[in-house]
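# Close look at the chain arrangement
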Amino acid sequence: MNASREKNTIALKLVVTGLVQGVGFRPFISRLALKHKLGGYVKNIGGSEVELWIEGNEADVYEFLYSLFIDKPPVAILDQVFASKETPQGFTAFNIEKSSTNVLTRSNIPPDFAICKDCLTEVLTPGDRRYLYAFNSCAWCGPRFSMMYKTPYDRENTAMFKYVLCDECIHEYNDPDNLRRHHAQGISCPRDGPKLLLLDKNFNEVSCENPVTEAARLIEEGYIVGVKGIGGYHIAALATNDDTVIELRKRKKRPRKPFAIMGLNTEVLKKLVYMDPDDEALLNSPQAPILILPKRPETPVSKYVSPDLSHEGVFIAYSALHYLLLMNTKDKFLIMTSGNTHGEPMCIDEECAKNKLSKIVDYFLVHDREIVNRVDDSVLRKTGNSYLFLRRSRGYAPAWITINKDLGGEFIAFGGDLSNVGGVGFENKIALTPYVGDLESLQAQKDLLKYVDFLVKNYHIGKSSKPIVVVDLHPQMHSRSLGVKYAEMYSFPWIQVQHHYAHVLGAAIDNELDGTIAGLAIDGLGWGLDKTIWGGEVLIFRTDSRGFKRTGSISQLPLTSDRDTLKPIRLLFAYYSRRGFDFAEIMKLAKAENSLLECKSAFTLVRNGRYVPASSTGRLIDLVTAILNPTVERTYEGEPAIWLESIAFKGEQLILDDFRILYEDGILRLNYDDVIDWIIENKSRYRADTLARSFLYSLGYWLGELVVESIKGSRVDNVVISGGAAVNEFIYRGLRDKLFEVNLTLHLPRRIPPGDGGLAFGQIIAASLNYMDS
């Protein structure tokens, strides 16, 4: 019997890639090997992959391989398993070996995960040694990327290195039967882990028995508290007190941009918003993003939290610290907004908090664990029953996205200037940085370089050949300047990619489409090949070769300055000025009693020919918003369009058939002059919400007409839509309905934001096609 078993002994060496570091994968492998009586080892490798050797009876080895895929840890993702048959070495025991810095292949860098149910149960169980412990985590949950200095993911490479495990934690760490803590790198307990402090606004310690309960008490009294969380600082405040919310807006210099609401759990959030089972599952997922959902009419949340909007951004307490804070409040939900000053990134350290947040908050709840990498909360919404990213960060980045083609080289992309995200591409993978923000901020520019450099180093870009740096075509973008300087510093080649081509190409590859594609890019602006502003374009392209053909566009608006985006009423006066109307006539049409100097300025600049033509969907939506609400201003990105969509949910839907498709300058143009005139003429006849809904749906439907007309003579296989305006529910519905009439399917981005947060993804694809064609 023993001889027979020895005869059937085999050995396999496996290299597993995917999300396999920082997720309890090595302890899982160890338990699995012991269960099947196999010898060998498992260890982390420097490329974020895992190497293992197993040997033993052939039948046991194959049972091990089956269980490897079926019983893996809940947050682990197995992308590839490379196996080679080896000569048995006589292993009789199975060990977790010290990690290696060698790189056999690349694997995923783990993102942060929300606290799991098991860890939360421990925190809430009296008598458990982690009872009320704010930093509880295990192999399945907790911070990862936010506390990583480098790969491989081992404790000494994280901010947890300074916390020396106590004897009880060491026992858990070394216990193969401890499912969640055996060789879990980030574990700690009240005896050996991070400590909490409550500070006043001048960073003097506030003496108290329990910093969390005292912070909750202060919030209940109306104070505003800065909370050092997992990936950065939050600002916490009562969401049900009008005076508190108004004061927070005043201090944060944030007049109308909505605040997010963090609830103890989804049962609490259900009292504030409508959610279906899929919404609840997403909110409770390891990613635990902010999800924008329809408000309940009876919501107790102050109207000043998201003024004049139909939806609320909500998320659950995704760490023990947040849960304990909310648990000690009456409402069990709070405003939990980013801890930053206007236009600046979220603070991650005490110096930033003291210098920048002390004028906003009254107290600080802080801990002594370093936040190595800033990780903003991810934000999603629903459009056409699909979840779309508005911000892809915590829980998702910097894990890579696998695509259906090999890139043929290595690439470093710098994205755009708004909602910036950078990225790297290699093999059939694209890894995007976490959300960086708007690059008007010098700190955001520094952060972009920091996180691009992190991906380059830890995904080992440029080790075998020079990567290609990719930037936007717009000559004045900060991202372009940073990318070009980066390329010159390292002597890397660089190329530029047209903004909207990156959008629609990225959407096509994200949906794993092949062949000839029609892409509709609708957003605020991007630099066109003709040196005008584009933002409502039909582009035809192939997924296997470089380049595109612009076959359709919306009619151009005159843009006079950056103030047109801040004061949309300027757009209305500029638009009618270009059509030949005099100022008094426009005043009668617009009924704009405020901002006369702004209106006169825009009117005069157009009359003097001082403007840039822009086929911008974003500015067209702003113009219509100004007709319905002449005092509207943009205090945050997309505000007029968000307001217009929000009121549209309450309106009736009319079909506006006054759009026209004309042939101009070698392309088809969607002309909307008669529609604008009709809206003005009927402003007093219909409610604003009905006009909003009718315009947005009809615009989508006629954009569909433009696509259909623009692709005649081309064998288009699929249609994709991308750009910031692609998330609009009613534009999407109109476009989808029109394309359905001619048996065309519309595809939205799935794993990347339609806005500029997905731009780097498309830039990498475009650069790859250019590289392979050259």
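Residues numbered from 1 in each chain as written. Predicted model: local features only at pLDDT ≥ 70, side-chain atom pairs only at ≥ 80, totals over all residues. Heavy atoms only, no water.

### Looking at the side chain of Thr516
Heads up, the rule is: Strands here mean DSSP runs of E at least two residues long; helices mean DSSP runs of H or I at least four residues long; both are numbered from the N terminus. As used in this structure description, the phrase polar contact means that two N or O atoms lie within 3.5 Å; if the pair is within protein, one of them must be able to donate a hydrogen and the other to accept it, and residues adjacent in sequence are counted only when both atoms belong to side chains. Contacts: residue pairs with any heavy atoms within 4.5 Å of one another.
Secondary-structure assignment places Thr516 in strand β22 (residues 516-527). A polar side-chain atom of Thr516 sits 2.9 Å from a polar atom in the side chain of Arg542. Once you skip the residues sitting within four places of it in the chain, Thr516 turns out to touch Ile540, Phe541, Arg542, Arg715, Val716, Asp717 and Asn718.

### Some details on the sheet that holds strand β12 (residues 333-338)
Just so we agree on the cut-off: When DSSP finds at least two bridges between two strands, those strands are taken to pair. Angles run from 0 to 180 degrees between N-to-C directions of axes, and those axes are lines fitted to C-alpha atoms, restricted for helices to the stretch in contact.
Taking strand neighbours across the sheet as the criterion, the 10 strands line up as β6-β13-β7-β8-β12-β9-β11-β10-β14-β15 in an open arrangement whose pairing is mixed. A single partner strand is all that each edge strand has here, and the edge strands are β6 (196-200) and β15 (386-391). Put simply, the sheet's adjacent strands are angled 35° from each other on average, direction ignored. Bridging between strand β9 (residues 261-263) and strand β11 (residues 311-316) involves 3 bridges; their strand directions are parallel. Opposite Gly263, over in β11, you have Ile316 as the bridge partner.

### Description of the nonpolar core
Using the following cut-off: Residues enter a nonpolar core if they are buried and are Ala, Val, Leu, Ile, Met, Phe, Trp, Tyr or Cys, with the set joined through side-chain atoms within 4.5 Å. Accessibility here uses a 1.4 Å probe with only protein chains present; expressed as a share of the type maximum, an area under 20% marks a residue as buried, one over 50% as exposed, and anything in between as partly exposed.
If you look at the biggest cluster of nonpolar residues, it comprises 87 residues, and the most contacted ones within it are Ile261, Leu325 and Phe364. At 6 residues, helix α10 (residues 320-327) tops the list of elements feeding residues into this core. Discounting chain neighbours no more than four positions away, the residues touching Ile261 are Ala239, Leu269, Leu272, Val301, Val305, Glu312, Gly313, Val314, Phe315, Phe333, Leu334 and Ile335. Listed in part, the 73 residues of the second largest apolar core include Ile554, Ile586, Leu670 and Phe695.

### So, helix α14 (residues 499-510)
Put simply, the rule is: Given the number of residues in a helix, its expected span is that number minus one, multiplied by 1.5 Å.
Between the first and last C-alpha of α14 there are 17 Å, a value that for 12 residues agrees with the 16 Å anticipated at 1.5 Å per step. Judged by how many residues are buried, α14 sits mostly within the fold: 12 of 12 residues are covered. Of the residues flanking the start of α14, the one acting as N-cap is Gln498, its side-chain oxygen 2.8 Å from the backbone nitrogen of His500. Count one or two residues on from α14 and you reach Glu512, which has phi positive near 55°.

### Considerations on the packing of helix α16 (residues 569-578) against helix α17 (residues 583-590)
To characterise two packed helices, one gives the angle between the axes of the helices and the distance between these axes. Going by this rule: Comment on the angle field: the value is read as roughly parallel under 35 degrees, roughly antiparallel over 145, roughly perpendicular from 65 to 115, and oblique elsewhere. Crossing handedness: left-handed means the near helix sits turned counterclockwise from the far one by under a right angle, and right-handed means the same turn made clockwise. Gly is put with the polar residues, along with every residue not named as nonpolar or charged; the nonpolar set is Ala, Val, Leu, Ile, Met, Phe, Trp, Tyr, Cys and Pro, and the charged set is Asp, Glu, Lys and Arg.
Where α16 contacts α17, the axes come no closer than 10 Å and their chain directions differ by 135°. Considering the angle they form, α16 stands oblique to α17. The two elements α16 and α17 meet at a crossing, and its hand is right-handed. Seen from α16, the contacting residues are Ile569, Leu572, Phe573, Tyr576 and Ser577; seen from α17, they are Phe583, Ile586, Met587, Leu589 and Ala590. When grouped by side-chain class, the residues that make up the contact of α16 with α17 number 9 nonpolar, 1 polar and no charged.

### With respect to the sheet that holds strand β19 (residues 429-432)
Strand order in the open sheet made by the 6 strands is β16-β19-β18-β17-β20-β21, with mixed pairing throughout. Where the open sheet ends on each side, the last strands, each with one partner, are β16 (400-402) and β21 (494-497). Across the sheet, the axes of successive neighbouring strands diverge by a mean angle of 25°, strand direction being ignored. Pairing of strand β17 (residues 411-413) with strand β18 (residues 423-426), which is carried by 3 bridges, proceeds in the antiparallel orientation. The partner of Ala413 across the bridge, within β18, is Gly423.

### Considering the packing of helix α4 (residues 117-124) against α10
Packing of α4 against α10 leaves a shortest axis separation of 11 Å and a crossing angle of 45°. Here α10 runs oblique to α4, going by the angle between their axes. The crossing of α4 and α10 is right-handed. Across the interface between the two elements, Leu120, Val123 and Leu124 from α4 touch Ala320, Tyr323, Leu324 and Met327 from α10. Across the contact of α4 with α10, the residue classes tally to 7 nonpolar, no polar and no charged.

### A word on the confidence of the model for the protein
Atom-level detail of predicted coordinates should not be read off regions where pLDDT is low. For the record, the criterion: For every residue, the pLDDT score states the predictor's confidence, bounded by 0 at the bottom and 100 at the top.
With 98% of its residues at a pLDDT of 70 or more, the protein has an overall mean of 94. Contacts from residues 1-6, a stretch scored under 50 in pLDDT, to residues over four places away or in other chains number 2 contacts.

### A few points about the state of the cysteines
For the record, the criterion: Cysteine sulfur atoms that come within 2.5 Å of each other are treated as a disulfide pair.
Under the criterion given, the structure shown has 1 disulfide. Each disulfide pairs two cysteine sulfurs, and for Cys347 the partner residue is Cys352, the sulfurs being separated by 2.0 Å. Measuring the twist about the S-S bond at about -60°, one finds the Cys347-Cys352 disulfide to be left-handed. The pair formed by Cys347 and Cys352 is uniform in burial state, with each residue classed as buried. There is no disulfide at Cys116, and the cysteine sulfur nearest it, in Cys141, is 3.7 Å away.

### Observations concerning the pattern of salt bridges
Keep this limit in mind: A side-chain nitrogen of Lys or Arg and a carboxyl oxygen of Asp or Glu constitute a salt bridge if their distance falls within 4 Å.
A complete count under the given rule lists 45 salt bridges for this structure. Between Glu156 and Lys98 there is a salt bridge, with its nearest N and O atoms 3.8 Å apart. With Glu156 in the loop between α4 and α5 (167-174) and Lys98 in the loop between β5 (94-96) and α4, the pair connects residues that are 58 residues apart, well separated along the chain. Under the relative-accessibility criterion, Glu156 is labelled partly exposed at 39%.

### With respect to a nonpolar patch on the surface
To keep it simple, the criterion reads: Like-charged residues are merged into a patch within 9 Å and nonpolar side chains (Val, Leu, Ile, Met, Phe, Trp, Tyr) within 5 Å, provided each residue has over 30% relative accessible area and no salt bridge. Residue exposure ignores everything except the shown protein chains as possible cover, and the areas themselves are Shrake-Rupley values with a 1.4 Å probe.
A surface patch of nonpolar side chains, amounting to about 360 Å² of accessible area, comprises Tyr66, Phe69 and Ile70. For Phe69, a relative accessible area of 48% translates into the label partly exposed.

### Brief notes about α4
So the rule is basically this: By construction, the arc corresponds to the directions joining the helix axis to the C-beta atoms.
Those residues of α4 that fall on the buried side of the exposure criterion are Cys119, Leu120, Glu122 and Val123. An end-on view of α4 places all buried positions within 155° of arc, on one side of the element. Buried residues in α4 make contact with α10.

### Examining unusual backbone geometry
With an omega of 0°, the peptide bond running from Thr151 to Pro152 counts as cis. Here Pro152 lies in the loop between α4 and α5. Even without being glycine, Asp308 reaches a positive phi, approximately 65°. Looking at the element boundaries, Asp308 is found in the loop between β10 (290-294) and β11. By relative accessible area, Asp308 is classed as exposed at 59%. Even without being a glycine, Glu512 presents a positive backbone phi close to 55°. You can see Glu512 is positioned in the loop between α14 and β22. You can call Glu512 partly exposed: its relative accessible area is 42%.

### A closer look at the packing of aromatic side chains
Note the cut-off: Aromatic pairing here means that ring centres of Phe, Tyr or Trp (its six-membered ring) are within 6.5 Å. Orientation follows from the plane angle: under 30 degrees is stacked, over 60 is edge-to-face, and everything else is tilted. Remark: a charge is flagged as sitting over a ring if the NZ atom of Lys or the CZ atom of Arg is within 6 Å of the ring centre and within 35 degrees of the ring normal.
Summed over the entire model, instances satisfying the criterion amount to 30 aromatic pairs. Plain terms: the ring middles of Phe389 and Tyr396 are 4.8 Å apart, the flat faces sit at 85° to each other, and that makes the pair edge-to-face. A single burial state applies to Phe389 and to Tyr396, both of which are buried. Three or more aromatic residues link up through ring pairs in this structure, and these residues are Phe414, Tyr486, Tyr490 and Phe492. Its guanidinium or amino end placed over the ring of Tyr318, Arg394 lies 3.6 Å from that ring's centre, counting from NZ or CZ. When the ring centre of Phe583 is taken as reference, the NZ or CZ atom of Lys600 above it lies at 4.5 Å.

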